[in-house]
Number of protein chains: 2
Amino acid sequence: MDFSIGDMSRQTGVKIPTIRYYEKEGLLAAPVRSEGNQRRYGEADLDRLGFIKHARDLGLPMAAIRKLLELSEHPDRLCTDANRIANEQLAAVRQRISHLKKLESELARIATSCDGSHQVADCSILKAFGDHGQCAGEH
Amino acid sequence: MDFSIGDMSRQTGVKIPTIRYYEKEGLLAAPVRSEGNQRRYGEADLDRLGFIKHARDLGLPMAAIRKLLELSEHPDRLCTDANRIANEQLAAVRQRISHLKKLESELARIATSCDGSHQVADCSILKAFGDHGQCAGEH
DNA sequence: CTTGAAGCTCTAGTCGCTATAGATTGTAGA
DNA sequence: TCTACAATCTATAGCGACTAGAGCTTCAAG
C-alpha cells in the first residue's frame, strides 16, 4: 500500500538521493514518515515522480516541470501554458540539434585531418583547434 | 604590445570573469601585472585563449583542452593523443545528436497533440508527460 | 586634476544532481 | 528473541563551467 524510498527508486528509475533532492526543491511533497523516521509514499507520489522522470528525460528543466505540476493541480484552467511549454522545449531541442550538427561536421573534418602517426609540431588537429579561420561558418 | 584583460576579452569573445576563471583553473598562466596590479597579456596568451575558446565552442570539456595544451608544449611527441581526443569528442557529439533526435520526435508528437484551447483536465500534453507508455522507444 | 570606465579580489549562486560519512532503522533467518 | 546486514537517515561537499554582485582601486582621456 505504501512504498519506501527504495521502492520509489526501483519503480521509476530515479535515484534515491535525487528523490530527496526533488523533495527539498518542492517538486515532491514531504511524505509521511514511519515510526523510525523513514519516508513512506503512496500511489499518487509514485505517479508524480514518474511524471517528473519522464519530463526530465525529455529535457525539460525543473522550472518547466514545476509549472506543469502546478497546472495539473488546476484541471479547470485552459492548457495554453502546457502547450507553450511543450513548444518552447521543442524549439530548444531543435536548436541544439542544429548547433550540434555544425560541430559534428567541423569535428569530423578536424579528426580525419590527422591519423595520429606524426609529430605534434605538425599536427593539423592542434592547428585546427587553434584557428577558427578554417571553419565553414560561425559557432 | 601587451593587452589588458578587456582587450583579451574583446579579441576572443571570452568574458572577463571567465578569463580569470581559466587562470585560476590553470588553463592560462598567471600573466605579469602592471604597477597597479592589473593583468597584462602578450600575443602568446592571446593565441592560447583563442585556442581554448575555439575548443570550448566545439564542446570539448576543460580536461580535454588541458591535455591538448600540454601536448602542444611538447612538439616532439607523436600526436596520437590529439587524434584520440578529437575522435572521442566526435563520437560524443554524434551520440548527443541521436539522443536529441529521439526527444525531438517525441516532443513534436506531444506538442501537436494539443492546441492549447481546452481544459487542463483533458490535456494530452500533461497526460503524455506523465505516461511513457505512448512513446515510440526508450529514452 | 578630475572623472568615469575598467580592473581588482572574494564570495556566493547557477543547474541537477552525485558522493561521502557516520548514525539509525527495518527485516529476514537462526 | 537475537543477530546480522541491508536500507535509510541527515548533513555537507563536490561536479562543470561559468556568472553575478559587492566594495574597492587603478587607468586614461580631457
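Check the entry above for the structure.
As the structure is a prediction and not an experimental result, all values here were calculated from the model.

**Q** Please clarify how the nonpolar core should be interpreted in this entry.
**A** General note: in soluble globular proteins, nonpolar side chains tend to be found buried as a group. Ranked by size, the top nonpolar core spans 84 residues in total, and within it Leu-60, Leu-68 and Phe-129 of chain A together with Leu-60, Leu-68 and Phe-129 of chain B carry the most contacts. Setting aside residues up to four positions removed in sequence, Leu-60 of chain A forms contacts with Ala-55, Ile-65, Leu-68, Ile-85 and Gln-89 of chain A together with Phe-129 of chain B.

**Q** Sorry, what's going on with helix H2 (residues 16–24) of chain B here?
**A** Along an α-helix, residues three or four positions apart point the same way, because every turn accommodates 3.6 residues. Residues and elements named next belong to chain B. Listing the buried residues of H2 in full gives Ile-19, Tyr-22 and Glu-23. Projected down its long axis, H2 shows its buried positions confined to an angular sector of 100°, all on one face. In H2, those exposed residues whose orientation departs by more than 90 degrees from the buried face are Pro-17 and Lys-24. Its buried side turned inward, H2 meets helix H1 (5–12), strand E1 (32–33), strand E2 (39–40), helix H3 (43–57) and helix H4 (62–72). Gly-26, located one to two residues past H2, shows a positive phi value of around 85°.

**Q** I would appreciate a short explanation of the protein's contact with DNA strand D in the present structure.
**A** As a structural note, the neighbourhood of DNA strand D is formed by 19 residues, with Ser-4, Arg-20 and Arg-39 of chain A together with Tyr-22 and Arg-56 of chain B the closest of them. Among the atoms of DNA strand D close to the protein, meaning within 4 Å, 89% are from sugar or phosphate groups. Gly-6 of chain A places a polar main-chain atom, nitrogen or oxygen, 2.9 Å from a phosphate oxygen of DNA strand D. Measuring from a phosphate oxygen of DNA strand D, one finds a side-chain N or O atom of Tyr-22 of chain B at 2.7 Å. If you list the elements that add at least two residues to the surface near DNA strand D, you get helix H1 (5–12) and helix H2 (16–24) of chain A together with H2 of chain B. The dominant element in the surface near DNA strand D, judged by the number of residues it contributes, is H2 of chain B, at three residues. Split by residue class, the surface near DNA strand D holds six nonpolar, eight polar and five charged.

What counts as what
- Residues numbered from 1 in each chain as written.
- Chains lettered and ligands numbered in written order.
- Predicted model: local features only at pLDDT ≥ 70, side-chain atom pairs only at ≥ 80, totals over all residues.
- Heavy atoms only, no water.
- Core = buried A, V, L, I, M, F, W, Y, C linked by side-chain atoms within 4.5 Å.
- Buried < 20%, exposed > 50% of the residue type's maximum accessible area, 1.4 Å probe, protein only.
- Contact = heavy atoms within 4.5 Å.
- Helix = DSSP H or I, 4+ residues; strand = E, 2+ residues; numbered from the N terminus.
- Arc of directions from axis to C-beta.
- Near = heavy atom within 4 Å.
- Polar contact = N/O pair within 3.5 Å; in protein donor to acceptor, adjacent residues only side chain to side chain.
- Nonpolar A, V, L, I, M, F, W, Y, C, P; charged D, E, K, R; others polar.

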